[in-house]
Amino acid sequence: MNSQTNRPRIAITGIGLVSSLGQSTQENWQNVLAGQSGIRTVTQCDISNIPAKIAGEIDTFSTEGIIPPKDLKKCDRFIQIGWVAAHEALTQAGLIEAETGKILEELQNRTGVILGSGIGGLTEIQKGCKTLSERGVGRLSPFFIPSILINMLGGQVSMAYGIKGANMAPVSACATGTHSIGDAMHLIHNGTHDVIVAGGSEACICELAIGGFAAARALSTSYNDTPEKASRPFDKGRDGFVMGEGAGVLILERWEHAVARKANIIAELAGFGQTGDAYHMTSPLEGGEGAQRAMEQALADASLTGTDVGYVNAHATSTPPGDIAECKAIKAVCGDAVPVSSTKSMTGHMLGATGAVEAAFAVLALRDQIAPPTINVENQDPACDLDVIPNQARKLNLNVSVSNTFGFGGTNACLVFKKA
């Protein structure tokens, strides 16, 4: 059990979400509870020679009133999406002054930003390589390098809102967003910060990314004609993950600080765990031991046990081995009766953003006492013998929720949230 009894509690006071399900927290949450799929045929790039032709592509996205037009050419799409999500989270938390458009001056030095990405500006890299090949080095944009750097998401948000504390960008593949939130938790615990803008963003729907994952045989290819059916975690018909794009940002705040300024506390971040498999580049340990240890570590950090958990937002990407390994881990920690769902069945897999987006869903489940479904469960895999909340959201009496995230390289991370 956790012995750090004097460490500050951490409140969640703001959420920002952008995904194929919408450009706001409310729109994303409504659509995920309704079981709405955001998977569609790719339009952003030429996929004619790639076997995977679908993705969780954002079809409506606006930066108007948030990102100055002069800055758009300096930002890859992942920066733009993450910036918009950060703006919503900061606004929801009541941290932006109307007159200046920045956070309160007295908060700036003790507010940080930790926003990561698994891949970063791959779309701009692909464009830059084409420009170099076809037009020469002299035609490269002077903003090419700043536009692709993963840490420039946090850099742009820091400059836009006057955030002068820590400015970092974790990179841990698909666990990036979760690690960002965990790192933010530690900074508040050590007393150097009162507020952290934390999360992740990803937008690499381009030939290079889709072609690369397709070459690794990681993507679903059997449902190109029925995109909404393609992402099907826990179902026997799953054949790989579906690429998605999006961003998730949480405002973490020292509890007493949030109370003092009368902020709306949505939930409490209570625990964080992180482990490594030391096993394989892309596949998890078959028994899910690495995931299990991350969950156990996060629950111990929160002074809780698996029996306290009322809902798990699973990493479950719709890959045959990954879903089974995670189910084994969840059963080992929480038993086989705990309600579990994979919202990737609707959003697709947003890589470095997915942990933060799904953490937000775990928080919103606590707030509204309802868990989103796993859609496309038509013939549940007997090896995934958990209560996967098939096809329809479910009202629950929730006090504790968990969000799991795992990534290439054998990285595992877990967050535990408590009802406010």
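Each chain carries its own residue numbering, running from 1 in the written order of its sequence. Whole-chain, interface and lining totals are the exception, using all residues; otherwise, since this is a predicted model, local features are given only for residues with pLDDT of at least 70 and side-chain atom pairs are given and counted only at 80 or more. Side-chain numbers here rest on the full set of heavy atoms in the structure, without hydrogens or water.

Enquirer: Can you walk me through the sheet that holds strand 6 (residues 195-202) in this structure?
Expert: The strands that make up a sheet pair up through hydrogen bonds in the backbone, lying either parallel or antiparallel. Taken in spatial order, the 10 strands line up as 5-4-6-7-1-8-14-13-9-10 in an open sheet, and their pairing is mixed. Edge strands, defined here as strands with exactly one partner in the open sheet, are strand 5 (167-168) and strand 10 (340-341). Where strand 9 (residues 311-313) meets strand 13 (residues 400-407), 3 bridges bridge the pair, whose relative direction is parallel. When the sheet's bridge partners are listed, Tyr311 is paired in strand 13 with Ser401. Sitting on the sheet, helix 6 (residues 152-161) is in contact with strand 4 (111-116), strand 5 and strand 6, with an inclination near 150° to strand 4. By this definition, two strands are paired if DSSP reports at least two bridges between them. For helices the rule is a DSSP run of H or I covering at least 4 residues; for strands it is a run of E covering at least 2, with both sets numbered from the N terminus onward. By the convention used here, residues are in contact when the closest approach between their heavy atoms is within 4.5 Å. Fitting a line to C-alpha atoms yields each axis, with helices limited to the stretch in contact; the angle taken between N-to-C directions then spans 0 to 180 degrees.

Enquirer: Any chance you could explain the packing of helix 1 (residues 25-33) against helix 13 (residues 354-368) here in plain terms?
Expert: How two helices sit against one another is set out by the angle between their axes and by the gap between those axes. Relative to each other, helix 1 and helix 13 sit at 80°, their axes nearing to 11 Å. In terms of orientation, helix 1 lies roughly perpendicular with respect to helix 13. Residues Thr25, Asn28, Trp29 and Val32 of helix 1 form the contact with helix 13, whose participating residues are Phe361, Leu364, Ala365, Arg367 and Asp368. As a working rule, the residues Ala, Val, Leu, Ile, Met, Phe, Trp, Tyr, Cys and Pro are called nonpolar, Asp, Glu, Lys and Arg charged, and the rest polar, with Gly in that last group. For the contact of helix 1 with helix 13, the class distribution of residues is 5 nonpolar, 2 polar and 2 charged. Roughly parallel here means an angle under 35 degrees, roughly antiparallel means over 145, roughly perpendicular means 65 to 115, and every remaining angle is called oblique.

Enquirer: What am I meant to see in unusual backbone geometry here?
Expert: Even without a glycine there, the phi angle at Ser318 is positive, about 85°. By secondary structure assignment, the location of Ser318 is in the loop between strand 9 and helix 11 (320-334). Only protein chains enter the accessibility calculation, which uses a 1.4 Å probe; a residue whose area is less than 20% of its type maximum is buried, one above 50% is exposed, and one in between is partly exposed. Among the residues examined, Ser318 registers a relative accessible area of 0% and is labelled buried. The phi torsion at Asn376 lies on the positive side, around 70°, for a residue other than glycine. Structurally, Asn376 can be placed in the loop between strand 11 (370-371) and strand 12 (394-395).

Enquirer: Is there a simple way to think about the pattern of salt bridges in this case?
Expert: It is possible for side chains bearing opposite charge to pair when their charged atoms get close. Salt bridges, as used here, are contacts in which a Lys or Arg side-chain nitrogen is within 4 Å of a carboxyl oxygen on Asp or Glu. For the structure on display, the rule yields 19 salt bridges. Close ionic contact of Lys127 with Glu124 constitutes a salt bridge, the shortest N to O distance being 3.5 Å. Pair noted here: Lys127 and Glu124 are both in helix 4 (residues 122-135), with a separation of 3 residues, about one helical turn. By relative accessible area, which is 47% here, Lys127 ends up partly exposed. Take Glu124: its relative accessible area is 22%, and that puts it in the partly exposed class.

Enquirer: Any chance you could explain the nonpolar core here in plain terms?
Expert: Note on soluble globular proteins: their nonpolar side chains tend to be buried together. Put simply, a nonpolar core is a bunch of buried Ala, Val, Leu, Ile, Met, Phe, Trp, Tyr and Cys residues held in one set by side-chain atoms that sit within 4.5 Å of each other. One finds Ile12, Ile15, Ile181, Leu250, Leu252, Leu269 and Phe417 to be the most contacted residues of the largest nonpolar core, which totals 46 residues. In terms of residues, this core owes the most to one element, helix 13, which gives 10 residues. Not counting residues up to four positions away in its chain, the partners in contact with Ile12 are Leu250, Ile251, Leu252, Asn264, Ile265, Ile266, Ala267, Leu269, Val363 and Phe417. Of all hydrophobic cores here, the second largest spans 31 residues; its members include Val18, Ile58, Cys75 and Ala203.

Enquirer: I tried to follow helix 6 on my own but got confused; where do I start?
Expert: Each full turn of the α-helix corresponds to 3.6 residues, which orients residues three or four apart in the same direction. Counting buried positions along helix 6 gives 8 out of 10 residues, so the element sits mostly inside the fold. Among all positions in helix 6, only Met152, Leu153, Gly154, Gly155, Gln156, Val157, Ser158 and Tyr161 are buried. In the stretch just after helix 6, Gly162 is the one whose phi turns positive, near 70°.

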